[in-house]
Amino acid sequence: MVLLKGLIRPLSWVNDHLLRLGRGIGIGAIAVMVAVTLVQVFCRYVLGNALPWPDEAARFCMLWMTGLMAPTAFRRGGFVAIDILPSLLPRRAVSLLTLLLLAISLSVLLVALQIGWKEVTGLGGRFASASLYVPTAVDFSSWHRVPRSWMMGSIVVGMALLVLVNIELILRNLAALLSVHDLPVIAQAGAQGAE
């Protein structure tokens, strides 16, 4: 039990801090996504001349926002689930069922992490975006297309964070089965009520 607490506490601390940073970056990605979408709407409908890059920039931001914010939703239980079965089962059976489902999801997440890594380092990651460019000189005299691996990096980061959260949830369920108490509380969002 001491070993279990010794594993859960630091992992909970790491997840708290990584996910807080991810939420902050994700919120920034949402802001940029909205801004470039508004630029595109203005240029397309007011000026009558659509720009080539805002759609791809919005997709880039959406991928990173999802990769950085989905682990927080997973950790807080924010995904849609059918919860009638757990309400009918005894508490230990619910913990065992949850442990089984978390173990299955861990195997799926590990496969997804491998697929994401192949996307970043494989053939697809060697290509560049069609319309997104970044400056490669301080004086902005040289610009290069954004590599697709930068977009696909969101899959690797998101899956790695989900694996960390999944491991923490497995340990917490083991602790529940063993009746371990005094575990760190998983922080909730400041703004609730969207459910």
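Everything numeric here is computed off the predicted structure, so don't read it as measured data.

(A) Expanded view of the nonpolar core. Counting 16 residues, the largest nonpolar core has Phe74, Leu102, Leu109, Leu162, Val165, Leu169 and Ile170 as the members making the most contacts within it. Listed by contribution, the elements that provide at least two residues to this core are helix 2 (54–75), helix 4 (91–121) and helix 5 (148–177). Take this core: its biggest share by element is eight residues, from helix 5. Excluding anything up to four places from it in sequence, Leu102 contacts Phe74, Asn166, Leu169, Ile170 and Asn173. In this structure, Met33, Ala57, Ala58 and Val146 belong to the second largest nonpolar core, which totals 13 residues.

(B) Geometry of helix 1 (residues 2–46). The terminal C-alpha atoms of helix 1, which comprises 45 residues, lie 64 Å apart, in line with the 66 Å expected from a rise of 1.5 Å per residue. At the C-terminal side of helix 1, Gly48 shows a positive phi close to 75 degrees.

(C) Broad picture of the confidence of the model for the protein. Overall, the predicted model of the protein reaches an average pLDDT of 86, with 93% of residues at or above 70. Low pLDDT, under 50, characterises residues 189–195; the predicted model gives this stretch one contact beyond four residues in sequence or across chains.

Procedures and definitions
- Residues numbered from 1 in each chain as written.
- Predicted model: local features only at pLDDT ≥ 70, side-chain atom pairs only at ≥ 80, totals over all residues.
- Heavy atoms only, no water.
- Core = buried A, V, L, I, M, F, W, Y, C linked by side-chain atoms within 4.5 Å.
- Buried < 20%, exposed > 50% of the residue type's maximum accessible area, 1.4 Å probe, protein only.
- Helix = DSSP H or I, 4+ residues; strand = E, 2+ residues; numbered from the N terminus.
- Contact = heavy atoms within 4.5 Å.
- Expected span 1.5 Å × (residues − 1).
- pLDDT = per-residue confidence, 0-100.

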